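Here is how the chains run, residue by residue.
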Amino acid sequence: MIIRSKNKVQVNGKNKPVWVLDTDALTVTHNTTDAEPSVTSFSSDHIKYHLHYSAEYRPTRLKKLVNDGTILSYLTDLDRSVAKAIDRQVGMMLDNDEEYLRAVAVGDLAKARGLENMDRLIAREPVYAAMVYV
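Residues numbered from 1 in each chain as written. Predicted model: local features only at pLDDT ≥ 70, side-chain atom pairs only at ≥ 80, totals over all residues. Heavy atoms only, no water.

1. Some remarks on helix H4 (residues 98–105)
(1) Moving on: At the N-terminal boundary of H4, the capping side chain belongs to Asp97, with an oxygen 3.1 Å from the backbone nitrogen of Glu99.
(2) Moving on: Looking one or two residues beyond H4, the residue adopting positive phi is Gly107, at roughly 80°. (Polar contact = N/O pair within 3.5 Å; in protein donor to acceptor, adjacent residues only side chain to side chain. Helix = DSSP H or I, 4+ residues; strand = E, 2+ residues; numbered from the N terminus.)

As structure tokens, this is what we get:
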């Protein structure tokens, strides 16, 4: 889904929207009259899932964010917040995981990394439920 802001600017003699959100390409484009368009791409799964969820269940919110010109800061803040929440959750899980602590203690970094990755996958579900699918 592509959402364009109502506000327009003249770019090379053409009226273009100031902000454009592409929920499939995970990009936000900012057009200005005196510079090349600025395109910001997102690559995290949580942004992809949030945009697709929002496009289906909360399209009015996305349109408002695009029209207000706050979509880029909103997505950047969400990206950072979700990543931090997952990292905090994984940290708490690893602090109490005896198998992980033993693997680190004996220097089995492959096993430790595997356990960390597993905990990261487990941590995503509650974080996504609280922060992404809203």
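2. Description of the side chain of Ser44
(1) Moving on: Relative to the assigned elements, Ser44 resides in the loop between strand E6 (35–41) and helix H1 (45–57).
(2) Moving on: For Ser44, a relative accessible area of 16% gives the class buried.
(3) Moving on: Polar contacts involving the side chain of Ser44 include one to the side chain of Asp79, which spans 2.9 Å. (Buried < 20%, exposed > 50% of the residue type's maximum accessible area, 1.4 Å probe, protein only.)

3. Section: the environment of Val90
(1) Moving on: When you line up the elements, Val90 lands in helix H3 (residues 71–95).
(2) Moving on: Owing to a relative accessible area of 3%, Val90 belongs among the buried residues under this scheme.
(3) Moving on: Along the chain, Val90 and Ile122 lie 32 residues apart, while their C-alpha atoms are 8.5 Å from each other.
(4) Moving on: Aside from chain neighbours lying at most four places away, what touches Val90 is Glu116, Asp119, Arg120 and Ala123. (Contact = heavy atoms within 4.5 Å.)

Don't take any of this as a statement about function, it's just geometry.
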